[in-house]
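Working through the structure, step by step
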Amino acid sequence: MTSIILLSVLGIVNLFFGFLKSNKILLPAAMVILALAFGVNLLDWNAASESYFNNMLTINRYSVAFTGIVVLTTLLLIPFSQKYVRDGEENLAEYYSLLLFSLVGAIMMVSYDNLLMLFVGIEILSVSMYVVAGSDKRNVRSNEAALKYFLMGSFATGILLFGIALVYGATGTFQLTQIDAGIVNPVNASLRPMLYVGMLLMFIGISFKVSAAPFHYWTPDVYEGTPTFFAAFMSTVVKTAGFAAFFKLLMAAFYSAQGFWVPTIMSITVLTLLIGNVGAVAQTSIKRMLAYSSISHAGYLFIGLVAVNGKLSANAIFFYSLAYSIATVASFAVLKLVSDQRQREDYASFNGLAKTNPLLAFVMTVAMLSLAGIPLTGGFFGKFFTFGAAINRGYIWLVVFAVVMSMVSIYYYLRPIIAMYMQPAEDENAEPIVVSGFQSAVLVLLALLTVVLGILPGLLSDVF
Amino acid sequence: MLTAFLLFFPVAAALLLHFAKGNAARVLALGAALVEFAVAVFTAVSASMNVAPGNSTAAYSRFSINIPWIESAGINFHIGLDGLSLLMVLLTTFLVPLIILASFRHNYPNASAFYALILFMQTGLIGVFVSLDAFLFYFFWEVALIPIYFIAGVWGSERRIAVTFKFFLYTIIGSLFMLAAFVYLYFQTGVYGGVRSSDIATFYSLTLSASQQAWLFWLIFIAFAVKMPIFPFHTWQPDTYTESPVPATMLLSGIMLKMGIYGCLRWLLPIVPLGVSQWSKLVMILSVIGIIYGAVIAIRQRDMKRLIAYSSLSHVGLMAAGVFSLTFMGLQGAVIQMLAHGVNVVGMFFIGDIIQRRTGTRQIPELGGLTKNTPLLSVCFLVLLLGTVALPLTNGFVGEFLLLAGVYQYNPWLGAVAGVTIILAAVYLLRMFQRVMLGPETSFTATIQDLTGSELAVLVPLIVLVFWIGLFPNTFLRISEPAVLQILTLVSRS
């Protein structure tokens, strides 16, 4: 709870720093705020779970853990914000503040106990994202991305709201636990179809936010147009918060209706895995590849969801989100540094990077291996735990399918590695990419975290 | 503690190498590899001194370490040694310094990274041989793959990118099947209300139905079959061996190939014995096909490196056949042949590399008449070659004799067909020797120089081993015997 207040208040304070117009002050200020929020959030870890606003929001270990992921992700990502707008954009403070506000939305999404709070959280997060998607305002692609994201997103929000209304109609409450009670002992059994339609519409709304197929169409285009820095934010924070919210919804509110939603979610899972992985193979731009990769990772996270294994699933989703977020931040950070200076985003722009910038190449390699789920990296154990949860429920065929899909993924995750280490640079005299010392340190930290998660997964594999 | 040292020392040295440049890097790497070898020898000696007659487990139990790794899931960091793994560790630690020394003549760009990767790989290889937990085993299995992919992909020759890509995909897809099998077995351990565990002993004690074992066999076997490789999973092998830089080829053929056979012995036979007995005939036939196939193609090769690659394919088929014969002699033969093949194939690739570096070609028709100027080289080449051909008194003879005896015991017909391998090996290897070393000199070979000191330093230990294993195989067979007997007991328990 303190972290919500802190981020909201300091977000506004940060806005006032805007008159300074200097990234030298704004960036450290934003980082300090985030670090504060991270620390304050962790203080609640051992506290008893506490509810606020007439039980509409609950802070417990679950919310603390996922809040930790989203804040940490932002903290690690923000050093790469510099120069995200090419022509000396002057409204830096607004963008930092928007990120801080959107985090408030994300935290609400992971700690809600009431559908209204879920909706408000999603809206706070989304509206900030609509704005930052268009932050490169003189770039047509960025404008296209913002418009596309906004139109599709508001449509999805509408559907979500409609779903919430129908669920309310069928059960008479917004409160998660009471919804579940209403499913077990319905006041009026003839309203059951209404409940199902409501659930379905809610699933569609949230699937859109986490870019699950078949509601993923916006993802590649929006990522491509959005400045890389914000695209990274979308594919990590938004996704983590979305899945934490989704899991909570399924476990707390719809637990007793598994017979209905497990097949539904399972078909979304299969479709997402297929489209994400096969789509990524065909891409020529690394950014678009990462967009499809983020779709495919939504699929792997869904496997943790359908396992509905309480503690096992929650742990698996937590570990997966963390490993995925760190690796994704690292890959987007490298991509941003390279594409800012070489002005392109295709695979060939990475050619020979190992010669000019060994550190960038190494960090990118660790990130790619982690996303591909190769041992020694956190991504492996993320997949291991989610697949394990699903096998434990007997969904062996689903896991086999997911394993086949991750074989496909090796193809496209290896391509940047091959480009960096095995292809000669296109321009022999290419200048090395300029990376500040601080950014290098953060990159090393990202790689180190990925490897630590891959060697000592026991540290965080059993948090709940 | 010794086991843990053996496991982590190379990777620690690899990290240190980052701070060394150029020549210092390779000297440091060589030093680290030699220290590692010394420790391995010390381990072996101290183990053999403590062997009480009839009780081998006691001697090795103090090498085992078992601490929780992922505590909530019952997955432990469980490593240990027995006779079989000890021999594999000895082979690895013996070959790695030689491989490093063999690469001294090449000036690989970015040397510190190159040697760091070799040492990093050594940790992966040793990890595979000492792991006693299924997931730990899988972990190291993949850890060994990553460095070799980079060594081959970055420092290889022209066609390396496509070739190593194929290699990486093949092996990783194969091992994902194994992982799936392990996860399944892991959940089986908890079926009857027991605590889940991925420890090897728990896996051994699982009671699985014959039909479960039938498909589990394939899931696990494919991973090993790709690594060895067994026909028809071999298509990555000749290209990868040919396109990789020589140290990588040596690592692949000398040590990595043995991961597959070791895996069969430790993880396949005892866990799914019913599956093995159900499919062993098919696997034997595939192996024998591989023997003949590799040999016949080797006869047709003009490229020395490629010829040795196919000869390796042929030899590994025989080892696999010995393993799946499930006889004492077959298994012991496979163990001793793993050592012998490791020594011979590394030596052969090194000789090929020396000739290529001196003359600029490894095409057999362009070579000839080397013996005149290079007596030392010729002798070394001949000894290693005869070891590979399995002449009596050399290391290859012991292994192939035991293997063929084992296969013959299993099925005389298969034994007879597999026996052709010795004749065919003699055909392609002696023919190669004749065309490369004898005959008239060519424009490539007229001014060739004999071996230098560092090259001798690589070849002499190998040649000593050729004769040592050939004359006193009992040194090694004695170490592996209890382990092999234990595996056979586990296999026959069903």
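Residues numbered from 1 in each chain as written. Chains lettered and ligands numbered in written order. Predicted model: local features only at pLDDT ≥ 70, side-chain atom pairs only at ≥ 80, totals over all residues. Heavy atoms only, no water.

Per an unreviewed UniProt entry, chain B goes by the name NADH-quinone oxidoreductase subunit M and belongs to Hymenobacter nitidus. Listed in UniProt under the heading Sequence similarities (unreviewed entry), the comment for chain B reads: "Belongs to the complex I subunit 4 family." (UniProt positions renumbered as here; feature names shortened; annotations may be inferred.)

As annotated in an unreviewed UniProt entry, chain A is NADH-quinone oxidoreductase subunit N from Hymenobacter nitidus. Quoted verbatim from the Catalytic activity (unreviewed entry) field of UniProt, the annotation for chain A is "a quinone + NADH + 5 H(+)(in) = a quinol + NAD(+) + 4 H(+)(out)". Annotation of chain A in UniProt includes, under Subunit (unreviewed entry), the sentence "NDH-1 is composed of 14 different subunits. Subunits NuoA, H, J, K, L, M, N constitute the membrane sector of the complex."

**Quick word on the overall build of chain B**
Looking only at helices and strands, chain B features 20 helices and 2 strands. Computed over C-alpha atoms, the radius of gyration of chain B comes to 22 Å, within 12% of the 23 Å expected from 2.2 N^0.38 for 494 residues, which places it in the range of a compact globule. By its C-alpha atoms, chain B is 75 × 55 × 45 Å across when sized along the principal axes. The proportion of buried residues among the 494 residues of chain B is 66%. When contacts within chain B are restricted to residue pairs at least 6 apart in sequence, those whose partners lie at least 24 apart make up 81%. When the accessible surface of chain B is split by element, carbon and sulfur atoms take 68% of a total near 16400 Å². Side chains of chain B give 24 positive and 17 negative charges; the mean places of these two sets differ by 4 Å. (Helix = DSSP H or I, 4+ residues; strand = E, 2+ residues; numbered from the N terminus. Rg over C-alpha atoms; globule rule 2.2 N^0.38 Å. Buried < 20%, exposed > 50% of the residue type's maximum accessible area, 1.4 Å probe, protein only. Contact = heavy atoms within 4.5 Å. Areas by Shrake-Rupley, 256 points an atom, 1.4 Å probe, with all protein chains shown as cover. Lys, Arg positive; Asp, Glu negative; His and termini not counted. Charge placed at Lys NZ, Arg CZ, Asp CG, Glu CD.)

**Examining the UniProt feature "domain: NADH:ubiquinone oxidoreductase chain 4 N-terminal" (unreviewed entry) in chain B**
The sites that carry the UniProt feature "domain: NADH:ubiquinone oxidoreductase chain 4 N-terminal" (unreviewed entry) are, in the present numbering, residues 63-126 of chain B. With 56% helix and 17% strand, residues 63-126 of chain B has end C-alpha atoms that lie 14 Å from one another.

**A few points about the packing of helix H15 (residues 358-372) of chain A against helix H17 (residues 396-422) of chain A**
All names here are of chain A. Running from N to C, H15 and H17 point in directions that differ by 170 degrees, and their axes come no closer than 9 Å. By the criterion of interaxial angle, the relationship of H15 to H17 is roughly antiparallel. Where H15 abuts H17, its residues Pro-358, Ala-361, Phe-362, Met-364, Thr-365, Met-368, Leu-369, Leu-371 and Ala-372 lie against Ser-409, Ile-410, Tyr-413, Pro-416, Ile-417, Met-420 and Tyr-421. Partitioning the contact of H15 with H17 into residue classes produces 14 nonpolar, 2 polar and no charged. (Axes fitted to C-alpha atoms, helices over the stretch in contact; angles between N-to-C directions. Parallel < 35°, antiparallel > 145°, perpendicular 65-115°, else oblique. Nonpolar A, V, L, I, M, F, W, Y, C, P; charged D, E, K, R; others polar.)

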